Amino acid sequence: MGRKLDPTKKEKRGPGRKARKQKGAETELARFLPAVSDENSKRLSSRARKRAAKRRLGSAEVPKTNKSPEAKPLPGKLPKGAVQTAGKKGPQSLFNAAQGKKRPAPSSDEEEEEEDSEEDDVVNQGDLWGSEDDADMVDDYGADSNSEDEEEGEELLPIERAARKQKVREAAAGVQWSEEETEDEEEEVTPESGPSKEEEADGGLQINVDEEPFVLPPAGEMEQDAQAPDLQRVHKRIQDIVGILRDFGAQREEGRSRSEYLNRLKKDLATYYSYGDFLLGKLMDLFPLSELVEFLEANEVPRPVTLRTNTLKTRRRDLAQALINRGVNLDPLGKWSKTGLVVYDSSVPIGATPEYLAGHYMLQGASSMLPVMALAPQEHERILDMCCAPGGKTSYMAQLMKNTGVILANDANAERLKSVVGNLHRLGVTNTVISHYDGRQFPKVVGGFDRVLLDAPCSGTGVISKDPAVKTNKDEKDILRCAHLQKELLLSAIDSVNATSKTGGYLVYCTCSIMVEENEWVVDYALKKRNVRLVPTGLDFGQEGFTRFRERRFHPSLRSARRFYPHTHNMDGFFIAKFKKFSNSIPQSETDNVLLYCSGWTAVVQSQLIATSTFQVQVILVSQTPK
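Residues numbered from 1 in each chain as written. Predicted model: local features only at pLDDT ≥ 70, side-chain atom pairs only at ≥ 80, totals over all residues. Heavy atoms only, no water.

We now examine the overall build of the chain. Each helix and strand in the chain was counted, giving 22 helices and 20 strands. In the chain, which comprises 627 residues, the proportion classed as buried is 41%. Sequence separation of at least 24 residues holds for 68% of the intrachain contacts in the chain that already meet a minimum separation of 6. (Helix = DSSP H or I, 4+ residues; strand = E, 2+ residues; numbered from the N terminus. Buried < 20%, exposed > 50% of the residue type's maximum accessible area, 1.4 Å probe, protein only. Contact = heavy atoms within 4.5 Å.)

In C-alpha cells form, the structure reads like this:
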C-alpha cells in the first residue's frame, strides 16, 4: 500500500501551512487567495469557503468533462435532493441528502481502495481543470485542498480518515443549505432595511427632543400638576430649572425672569419633598440651589446609627470585639473621635444587648458628641449642663472627667429627667447632681461654674430625617419664639460662668438647627450684651459660621463657630459656638431720654432696646407736667 503520488513532483501552490506565521506571508497570500464576497467571508469558515469554491467550479466543468449518459445536469445546477461532493466524478459524486442517513464506516480494505482512488482522482481532476482553476482552489494560507488532504492523510489513521471524509460530506451538504438560508435572509433583510433607518431617524429625533431647551409650563398645566402631580416629571423639571439657573443668561427662555423660575422651582421642591412654603423659602435663602437639592435628598435618608463607648467601664477595642462576636457589623466613627463607633447592621437589637444594659456604651448621634469635645471639661471642675435631657452629653462629660468634680445636670422638663436618671445609673456616673429649674432663673439659683454647656431648645431643622413633621409644622412664629428663648437662656448661661476660674471660664452654645435666626443672630446678640468673646471650638472639620447673611452683618469672630450638615458630614445638622468670658461684670444698656410732646402734656420717658426676635422699645413713664 505504497504511495501512488510522488510528493517531490507536486507543484507548489503557495506558502503552505508551515509558512503561516512567517513574516511577509500576508503579501504572498494576496496573490493566491480568491476574491470572496463580503457576505460569504462573514458567514462561512475557511473550510466552508473552500468547499463552496470547489462546488461552483465543479458545477461549471462537470457538464463538459462528464460523458456518462446517466447524469446530464444543467450547468451550475444540481438535481433536487442531491449535493455534489468535491473530489469525485460522475454519478458517484451525488448522494441523496433527503434521506438523511449516514453512510456506515468502511472497512480497512475499502478505506485503502478509496484512498488510492481519491489520489488518482485528484491527479485526473487537476489535469481536467488545468492550471487556471487551481488558483481558485487554494485555502486561506495559499495551500490547495489536495495537498492539504495528502499531508493530513500521512498522519491520520484509517478510521480517522474515514471520519474526516464523513465530515466533508456533511459540510458540503451544510454549505448548500446555508447558502439557501443566506439568500432567504438577504431577501428578508432588504425590505426591512427601510424601517430600520426610520427607527434610527426616530431615535435621532427623540434625542433632539431631549436636547431642546426647557420651557416653563403654562399656568393651566401648573394647576393640573398641583392637583395630581407626576413625581417623575416634577423631578425632571427640578433638574432642568436648576441647570438653567446655573447659567441663567445663556439658557433662560426669552421673556422669563429669574423670579418665575425660582417660584416654579419652589413649588416643585415643595411638591416633590413635601415641605411647607415657609421652611423651603428659608432653606432656599440659606443654600445655593445645587446644594439645596443635596440637603433635601440627605434629609430623606436616616443618619447612621452611632454609639459612644463608656470609658468608665470598658475600652472601645474590647466593646467592639464583644459586639462583633454578637453579630454586629461596625467600624470606628472617625479619626476625630476616640470613643465613637458606627453600626452598619446588627443581628441583635443594638439597644438591648448585655453590653448596653451593663452600661458599656450609649446610643448617641455623632453630632451630639461634638459640643462636649468643644467644651473639653477637665477633672475636678464644676460643670453646668443647663438642658441635659436625655443625658448623653452629661455622661460624656462625666467620663472625660473620670467621675471627678461636680456636674449639675438641669432640665426644665421633669418627665425627661427620668431618662437622665436611668442613663446615669446604667453608665455608672457618680459625680452628677440633677436639678429641675428653668434655665433662665439659674444665675439666681447657683452660679460660679468653671464651664457651662447650653444645648438650647430649637426648631429641629437639622434633624428632619428623625422628625419629618418639621417639614410642614414650622412657621415664622416658631422660629422667632425659639430665638427669643435661646437669647434668654444664653445670657443666663453666661452669667453662670465664673470668669476668674483658673482652668475654665468657657461656655459652649449649640443647637440642632441650621436657621441663622437661632444661631448667628443669638450669638451676635450675646457678644453685644455680655463681656465674652468667641474662641476656636477645637474641631478640625465643619463649615464656618456666617459673618453676613442677606442684609444682616455679624461679628467677624463668628468664623470660629462651626456648622455641620447632613449632606456634607453625614450627621445631623448642628451649630456650635464656644465663648470665653473675660469679665463677670454686666455692661449697662444704653438709655436715651426722649421728650414726647402730647396735646397739653410733656412726658419724659426712658427708652431701652430689648433685643428679641423683633426689636421692641420698653417705655417707662418718669414724670409728667402740664404744658
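The structure having been displayed, the exposition proceeds.
A few words now on the sheet that holds strand β3 (residues 305-309). The strand order β4-β5-β3-β6 describes an open sheet built from 4 strands, whose pairing is antiparallel. Each of the sheet's edge strands pairs with one partner strand only, and the pair in question is β4 (328-332) and β6 (361-363). Going across the sheet, the axis of each strand differs from the next one's by a mean of 35°, ignoring polarity. As paired elements, β3 and strand β5 (residues 340-346) share 4 bridges and run antiparallel to each other. Looking across to β5, one finds that V305 is bridged to V343. Set on the sheet, helix α13 (residues 316-325) makes contact with β3, β4, β5 and β6; between it and β4 the angle comes to about 155°. Sheet strands in contact with helix α16 (residues 392-400) are β3 and β6, and its direction is about 35° off that of β3. (Pairing = 2+ DSSP bridges. Axes fitted to C-alpha atoms, helices over the stretch in contact; angles between N-to-C directions.)

Opposite charge on two side chains lets them pair, provided their charged atoms get close. Going through the model one piece at a time under the given rule, you end up with 19 salt bridges. A salt bridge links K418 to E415, with the nearest nitrogen and oxygen atoms 3.4 Å apart. One end of the pair is K418 and the other is E415, both in helix α17 (residues 414-427) and 3 residues apart, which spans about a single turn. An identical accessibility class is assigned to K418 and E415; each is exposed. Ionic contacts of the salt-bridge type, sharing partners, join the residues R237, R264 and D268 into one network. (Salt bridge = Lys/Arg side-chain N within 4 Å of Asp/Glu carboxyl O.)

This chain's UniProt record puts "binding site: S-adenosyl-L-methionine" (unreviewed entry) on C387, C388, A389, P390, G391, G392, K393, D411, D438 and D455. As for its placement among the helices and strands, P390 is situated in the loop between β7 (382-385) and α16. Among the secondary structure elements, D411 is positioned in the loop between β8 (406-410) and α17. Not counting chain neighbours up to four residues away, the residues in contact with D411 comprise M386, C387, C388, A389, R416, L417, S435, H436 and Y437. (UniProt positions renumbered as here; feature names shortened; annotations may be inferred.)

Below, the discussion takes up the packing of aromatic side chains. On inspection of all chains with the given rule, the structure shows 8 aromatic pairs. Considering the side-chain rings of F541 and F564, the 5.3 Å spacing of their centres and the 70° angle between planes classify their relative orientation as edge-to-face. One end of the pair, F541, is in the loop between β12 (532-535) and β13 (543-544); the other, F564, is in strand β16 (residues 562-564), and 23 residues separate them in sequence. Each residue in the set F287, F295 and Y565 is aromatic and connected to the rest through ring pairs, giving one cluster. The cationic tip of R382 hangs over the ring face of F449; the distance from NZ or CZ to the ring centre is 5.1 Å. (Phe/Tyr/Trp six-rings, centres within 6.5 Å; stacked < 30°, edge-to-face > 60°. Lys NZ or Arg CZ within 6 Å of the ring centre and 35° of its normal.)

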